[in-house]
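# Working through the structure, step by step
For reference, the chains in residue letters:
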Amino acid sequence: MPLRRDSVPMLLFTTSGAAAAVACLAWAIPNLGSPTSDQQVYLWLGVALMAMGAAFSVRLPRVSMRVTLTPMACLVCAWVLPAPWVIVTAAAGVSVARLVSRRPRSAWLHKAVHNTSMDIIAAALAAGVMVTLGVRPVLSEPPSTALPVANSLVALAIAAVVVVGSGELVTTVAVTLSTKRPFGVALRGLWLTRLSVAAAEIVLAGVVTMATALDMRVLVGLPAVMLVVHLVLAHRLRVSEERRTWERLAALSEALTSREVDVVLRTAAGGAVDLFDVPAADIEISAGERVVRARQHGGVARLVYDGPADDAPDAGDAQYPMPFGVSGAADGIHGVLTLYLGEPGRTLSAREDVTLRAFAATLSSSLDLAHAYNRLSQEARRHQALASHDVDTGLLNRTGLLYHLDQGRGEPGRTVHAVVIRLDNYAFLADAAGRDCALDLLRVLADRLRRAFPDENSVARVGDVTFALVMSDVTVGVAYQRACWTVAALRREIPLDGHRLVVRASAGMASGVPGADLLDAAERVLWRANQRGDDRLVSYQAGPVREWSLARELNSSRLSIAFEPIVDLASGRITMMQAVPRWLYSRHEVLACDEYVFQLIDAADGSLDILARRVVARSLAAAAVWRDVLPDVAMVVPIPAAALTQSFVESVRDLLGKHSATSGRSLVLAVGAPPDPSAREAAEWIGQFGVRLLMDRFGSGHVGLEALAAGEWSMLRLDPAYALDAGWQPARSVIRAAVDLATDLDLSVVAPGIRTEKERRELAGLGCALGSGPLVGGEMFPSQVRDHALLWQPKALSGGAKVVQLHRARRAAAASGRGS
């Protein structure tokens, strides 16, 4: 086996010690006398004391030292035996002890030679000091007879200091050479324990030597005393080490409560080296994907490697690994903890095995917690990114852009230019080309915006079809030119899935202090440009952009009126015309005049009253086109319930007079929600002019039974959700219930969405008197109503109209018939 370079100094140190021990024996053997048979007892007793002193050793943890009772045996032998016999008995007793307690393998032969040599030298030093100070014991005679007691105690004390001091020095040097620890670190290792043991040995040796002055037979009981001392020392060291180990384990467990996997692994690797006093320790996780290794350097654990297991360096002199599995949860981290024991015969004690299991469980829990927290952190970062970024394009969303705008709000005098870009025909392209193609188109447009504005905080998707650009530290002119170039780039054709698509993009721009108000101002500029029909790349408004209410925007928009005929289901005759008003809200958007728009308008300022008045006026004006061919047909106009005020009633009266509608029964107002208590008086008043009320969308969530008592209704129209062609099973039950209520209240039931003659016949059989839908003519312009009325040929149901009887009345009549 090749000799390592770092073991040469230790080998030289051991060789020098062995040479010194041989020299001591070479001097002692020729000077031995011939003891009598009575004196041989003391010689064998000396051999036994030295053997027990060497055999009764206790290992000191974490310092690579052992505490023996050899110093006490050397002092006692040097007090009662001549110097040559002290050296010889030490050599014989220590050698026997080493052979009995250690197997003579090559790994231990080196230590046995070193320790035996040091014990022989210690015995020679003790005897030499005693002889130098005048203590020359003779076999079988008490040594105190030659010197006064005080001189004897001084000699014993000096010999003890020399023996203990030389032993500590030699042991510290040996530990320094073998473990590469600094001399000071090795000298301070458990110094208090070593000092206490040395003091106890000196005191005990002093007591024994003083007792031999009275009777030499005291030496017979010394082996028993040494055994008791050994047992007490071993017990105290074991208890102290257990307490210290659990304290260190508790401190290490607290240090492992980290949220980072890296910190847990590195702390655990270094902690394992210190906790188990091993040369090195590895922690391998995820089947070799990562290995963290720590080694002892100068008595301190240091991290030496952290990386893949395949690239890990050789453990070097840290040999004899002992692996131990570290199991995590089902989806946690699994790994292996490996302790490099460094000695061929070393195994973990029962206490160390329990400590290892507790440490592995703590490490497993810490890794699972760190892994879980890491996953939570990743999920939190992902959610944070999703909260501030658009999923489809990867750009900032509205929240993320507003956050960055708010970050620059505190800079005084800073002006920011915001540009809002709208893809006017994107919804149409998505419907026509499909969602996947539309998403690809959206990503291409987003890439073009990124190329135009590389700063990721300057581009955002703030709506389904809306993007936003933010520019700062540039003039208005430069910002406007950049915005125009960007919109022009978006308008270039895009080859996609065999198509060459062109997006109609327009933009609005505003300048001011960064914040949400600036983005809203740019959106208002864009909307007003679209409402005006401007076809510009970028519309810009200098100065503050005032916010308009929805009611004002609707009043400034064009109003389109279409009509849909309502017929008598039995005869097929046109009895009413339903007005279908729509606002041309912008060039590319049309809004129906229904409750979904009315709910967004505040009725407190009279805006709904104005809008409803305009709808009625435009409907009456458009009805003049076909009024001459359908003079007796009433017109149904939808209005919000909150618009039923006294001023509205007066306006309707004036409008009826203006359009020569002398009979108010030619107008029916369709209300999609029950009027408020304050509007019921106006609802009753308008009936005095012959204007009738129609309860619209009966059966929906906001129009139910309680609405029947809110006014004087003339008709009831079912919610379109209950159309028979929709295939909804509860539809017929709802229609029957509505017909029963309407019959009790003398109301006519209007069924919308009739598509086939079968549906017409079934609805008439259910009790619906009126109906509308594609079967009798869908929506049409006022000029088309005239032509439709002239060409319409009513077709009555076969068998004529049927008298509808209440469903519950029929059931009652049938029950009475069975009873009779």
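The numbers attached to residues start from 1 for each chain and follow its sequence in the written order. The predicted nature of this model means local features are confined to residues of pLDDT at least 70 and side-chain atom pairs, given and counted, to a pLDDT of 80 or more, with totals for whole chains, interfaces and linings taken over all residues. Water and hydrogen atoms play no part in the side-chain values, which are based on all heavy atoms of the structure.

### Section: the pairing of strand 21 (residues 715–718)
Relative accessibility decides the category of a residue: with a 1.4 Å probe and only protein chains considered, values under 20% of the type maximum give buried, values over 50% give exposed, and everything between is partly exposed. Counting from the N terminus, the helices are the DSSP runs of H or I reaching at least four residues and the strands are the DSSP runs of E reaching at least two. Here strand 21 shows a buried face lined by Met715 and Arg717 and a second buried face lined by Leu716 and Leu718. Being paired, for any two strands, means DSSP has found at least two bridges between them. In the sheet, strand 20 (residues 692–698) pairs with strand 21 via 3 bridges, with the strands oriented parallel. Bridge pairing links Met695 to Leu716 in strand 21. Across 3 bridges, strand 21 lies against strand 22 (residues 748–751) in parallel orientation. Within the sheet, the bridge partner assigned to Met715 lies in strand 22 and is Ser748.

### A word on empty space enclosed by the protein
Rolling a probe over the atoms, with the probe sized like a water molecule, indicates the empty space that remains. Computed over the protein atoms alone on a 1 Å grid, cavities are sets of points where a 1.4 Å probe fits but cannot get out and pockets are open sets with protein on both sides within 12 Å along at least five of seven lines; a residue lines them when it has an atom within 4 Å of a point. Grid points are joined across faces, edges and corners, and a volume is the space filled by probe spheres set on the points. The final tally for this structure, using the stated rule, is 3 cavities of 30 Å³ or more. Volume-wise, the largest cavity comes out at about 70 Å³. Lining of the largest cavity is provided by Leu718, Asp719, Pro720, Tyr722, Ala723, Leu724, Ile735, Ala751, Pro752, Gly753, Glu759 and Leu763. Looking at side-chain class alone, the lining of the largest cavity contains 9 nonpolar, 1 polar and 2 charged residues. Basically, the charged four are Asp, Glu, Lys and Arg, the nonpolar ten are Ala, Val, Leu, Ile, Met, Phe, Trp, Tyr, Cys and Pro, and anything else, Gly included, counts as polar.

### Remarks on the side chain of Glu523
Within the element layout of this structure, Glu523 appears in helix 16 (residues 516–532). We classify Glu523 as buried; its relative accessible area is 18%. Here Arg398 takes part through its side chain, which lies 2.8 Å from a polar atom of the side chain of Glu523. It only takes one pair of heavy atoms within 4.5 Å for two residues to be counted as in contact. Not counting residues within four places of it along the chain, the set of residues in contact with Glu523 comprises Arg398, Val420 and Val462. For this analysis, a polar contact is any N or O atom pair within 3.5 Å, provided that within protein one partner can donate a hydrogen and the other can accept it, and provided that sequence-adjacent residues contribute only side-chain to side-chain pairs.

### Brief notes about the layout of surface pockets
In this structure, the second largest pocket spans a volume of roughly 860 Å³. Residue lining of the second largest pocket: 38 residues in total, with Asp594, Glu595, Pro638, Asp696 and Arg697 positioned closest to the centre. Contributing elements (two or more residues each) for the lining of the second largest pocket: strand 16 (574–586), helix 18 (595–598), strand 18 (634–639), strand 20 and strand 21. At 5 residues, strand 16 tops the list of elements feeding residues into the lining of the second largest pocket. For the lining of the second largest pocket, a count of residues per class yields 22 nonpolar, 7 polar and 9 charged.

### Description of the packing of aromatic side chains
Each aromatic ring pair is summarised here by two numbers: the centre-to-centre distance and the angle between the ring planes. The aromatic pairing rule takes the rings of Phe, Tyr and Trp, using the six-membered ring of Trp, and pairs them if the centres are within 6.5 Å, calling planes under 30 degrees apart stacked, those over 60 edge-to-face and the rest tilted. What the rule picks out here adds up to 4 aromatic pairs. Taking 6.1 Å as the distance between ring centres and 90 degrees as the angle between the ring planes, the aromatic pair formed by Trp583 and Phe598 counts as edge-to-face. With Trp583 in strand 16 and Phe598 in helix 18, this pair connects stretches of sequence that are 15 residues apart. Here Trp583 and Phe598 have matching classes, each one buried.

### A word on the environment of Gly46
For Gly46, the position within the fold is in helix 2 (residues 40–55). Look at Gly46 and you get buried, because its relative accessible area is 3%. Between the C-alpha atom of Gly46 and that of Val80, which follows or precedes it by 34 residues, the distance is 8.9 Å. Among residues more than four places away in sequence, those in contact with Gly46 are Cys77, Leu81 and Thr89.

### What about the packing of helix 9 (residues 222–255) against helix 11 (residues 350–388)?
Convention adopted: a line fitted to C-alpha atoms gives each axis, helices being fitted over their contacting stretch, and angles between N-to-C directions are expressed from 0 to 180 degrees. Running from N to C, helix 9 and helix 11 point in directions that differ by 10 degrees, and their axes come no closer than 11 Å. With respect to helix 11, the axis of helix 9 lies roughly parallel. In this structure, helix 9 contributes Glu241, Glu242, Thr245, Trp246, Leu249, Leu252 and Ser253 to the contact, and helix 11 contributes Arg351, Val354, Thr355, Ala358, Phe359 and Thr362. When its residues are assigned to classes, the contact of helix 9 with helix 11 shows 6 nonpolar, 4 polar and 3 charged. Angles below 35 degrees are treated as roughly parallel, those above 145 as roughly antiparallel, those between 65 and 115 as roughly perpendicular, and all remaining angles as oblique.

### A word on the state of the cysteines
The criterion for a disulfide is a pair of cysteine sulfur atoms lying within 2.5 Å. For the coordinates displayed, the defined rule picks out 0 disulfides. In this structure Cys74 is not part of a disulfide, and its nearest cysteine sulfur, from Cys77, lies 7.0 Å away. Judged by relative accessible area, which is 0%, Cys74 ranks as buried.

### Remarks on the sheet that holds strand 4 (residues 290–297)
The strand order across the open sheet built from 5 strands is 5-4-3-7-6, with neighbouring strands paired in antiparallel fashion. With one partner strand each, in any of the chains shown, strand 5 (300–307) and strand 6 (321–326) form the two edges of the open sheet. The average undirected angle you get between the axes of adjacent strands in this sheet is 20 degrees. Across 7 bridges, strand 4 lies against strand 5 in antiparallel orientation.

### Some details on the pattern of salt bridges
By salt bridge we mean one thing: a side-chain nitrogen of Lys or Arg within 4 Å of a carboxyl oxygen of Asp or Glu. As enumerated under the stated definition, the model contains 24 salt bridges in all. Between Arg786 and Asp628 there is a salt bridge; the shortest N-O distance is 2.6 Å. Linking Arg786 in helix 24 (residues 782–791) with Asp628 in the loop between helix 19 (607–623) and strand 18, this pair joins segments that are 158 residues apart in sequence. The exposure class assigned to Arg786 is partly exposed, which follows from its relative accessible area of 29%. Measuring nitrogen to oxygen at the nearest pair gives 3.4 Å for the salt bridge that ties Asp719 to Arg697. Residue Asp719 is located in the loop between strand 21 and helix 22 (731–744), and its partner Arg697 is located in strand 20; the two are separated by 22 residues in the primary sequence. Each of the salt bridges in this network shares a partner with another, and the network as a whole consists of Asp262, Arg266, Arg290 and Asp306.

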